[in-house]
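# Examining the three-dimensional arrangement
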Amino acid sequence: MSSAASEADLSDGERAGLELIRESGGIHQSDFWKELDVSSRKGSRIVESLFEKDLIQREETVYDGHNTYYLTPAARDLDFSLLMAGDQLSPFIGDEEVDPHDDTFSQWVMTLAYED
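Counting starts from 1 at the beginning of each chain's written sequence and moves along it residue by residue. Per-residue local features of the predicted model are confined to residues with pLDDT of at least 70, and side-chain atom pairs are confined, for both listing and counting, to 80 or more; whole-chain, interface and lining totals are unaffected and use all residues. Processing note: side-chain calculations cover all non-hydrogen atoms of the structure and skip hydrogens and water entirely.

## Description of unusual backbone geometry
What counts here: Working definition: helices are DSSP H or I runs of at least four residues, strands are E runs of at least two. Numbering for both runs from the N terminus. Each residue is placed in one exposure class: buried if its accessible area under a 1.4 Å probe, protein chains only, is under 20% of its type's maximum, exposed if it is over 50%, and partly exposed if it falls in between.
Positive phi outside glycine occurs at Asp 54, with the angle close to 60°. By secondary structure assignment, the location of Asp 54 is in the loop between α4 (40-52) and β2 (56-63). On the basis of relative accessibility, which here comes to 60%, the residue Asp 54 falls in the exposed class. Non-glycine residue Asp 64 carries a positive phi angle of around 55°. Relative to the elements of secondary structure, Asp 64 occurs in the loop between β2 and β3 (66-73).

Shown next, in the form of structure tokens:
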């Protein structure tokens, strides 16, 4: 089942939970249900449902001395088109530091311009 199809079938609580996890970038399950203002039992059910639908990931962790899960959004289908120009990949993919005085990018753009 695609994530778009499974998201369409979410309850209001699941939708709110997914939004919270996505907006926060990650949250401990012990804080998750408090933020949603639901019982820990209901919060656990929401997490389980989102996890089964592959909309979130969870990792066992210890937080404030208690065992819990750290919840993060699942990786969605990624669109790499912004990294592409025609059939060429940007020359800076994977570079941690880019020299602002290097003309690699300008040369890449000029190559693309003259290909047509």
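## Looking at the packing of helix α2 (residues 12-24) against helix α3 (residues 29-36)
When two helices pack together, their arrangement is captured by the angle between the axes and the distance separating the axes. Short version of the rule: Angular values range over 0 to 180 degrees, each being the angle between N-to-C directions of two axes fitted as lines to C-alpha atoms, with helices fitted over their stretch in contact. Convention used here: angles under 35 degrees read as roughly parallel, angles over 145 as roughly antiparallel, angles from 65 to 115 as roughly perpendicular, and any remaining angle as oblique. Crossing handedness follows the turn of the near helix against the far one: under a right angle anticlockwise gives a left-handed crossing, and clockwise gives a right-handed one. The contact criterion used throughout is that any non-hydrogen atoms of two residues lie within 4.5 Å.
At their nearest, the axes of α2 and α3 sit 10 Å apart, and the two run at 125° to each other. When the axis of α2 is compared with that of α3, the two are oblique. For the pair α2 and α3, the crossing hand works out as right-handed. Taking contact as the criterion, the partners of Gly 13, Ala 16, Gly 17, Leu 20 and Ile 21 in α2 are, on α3, Phe 32, Glu 35 and Leu 36.

## Quick notes on the pattern of salt bridges
Where we set the bar: Any Lys or Arg side-chain nitrogen located within 4 Å of an Asp or Glu carboxyl oxygen qualifies as a salt bridge.
In this structure the tally under the stated criterion is four salt bridges. With a shortest N-O distance of 2.7 Å, Arg 22 and Glu 7 are connected by a salt bridge. With Arg 22 in helix α2 and Glu 7 in helix α1 (residues 3-8), the pair connects residues that are 15 residues apart, well separated along the chain. Given the relative accessible area of 23%, Glu 7 is considered partly exposed.

## Comments concerning α4
Under the convention used in this document: Residue count minus one, scaled by 1.5 Å, sets the expected span of a helix. In this description, the arc belongs to the directions extending from the helix axis to the C-beta atoms.
Between its first and last C-alpha, α4 extends 18 Å over 13 residues, near the 18 Å set by a 1.5 Å rise per residue. Those residues of α4 that sit buried are Gly 43, Ile 46, Val 47, Ser 49 and Leu 50. Around the axis of α4, the buried residues are gathered within 165° of arc, so they sit on the same side. Away from the buried face of α4 by more than 90 degrees, exposed residues Arg 41, Arg 45 and Glu 52 are located. For α4, the secondary structure elements touched by its buried residues are α2, α3, β2 and β3. In the segment just after α4, Asp 54 is the residue with positive phi, at about 60°.

## Observations regarding the sheet that holds β3
Strand-to-strand pairing in sheets goes through backbone hydrogen bonds, with the strands running parallel or antiparallel. To be explicit about the condition: At least two DSSP bridges between two strands are required for those strands to pair.
Spatially, three strands are ordered β1-β3-β2 in an open sheet, and the strand pairing comes out antiparallel. A single partner strand is all that each edge strand has here, and the edge strands are β1 (27-28) and β2. For β2 and β3, the ladder comprises eight bridges, and the chain directions are antiparallel. Residue pairing across strands places Tyr 63 opposite His 66, the latter belonging to β3. Lying over the sheet, α2 contacts β1, β2 and β3, oriented at roughly 85° with respect to β3.

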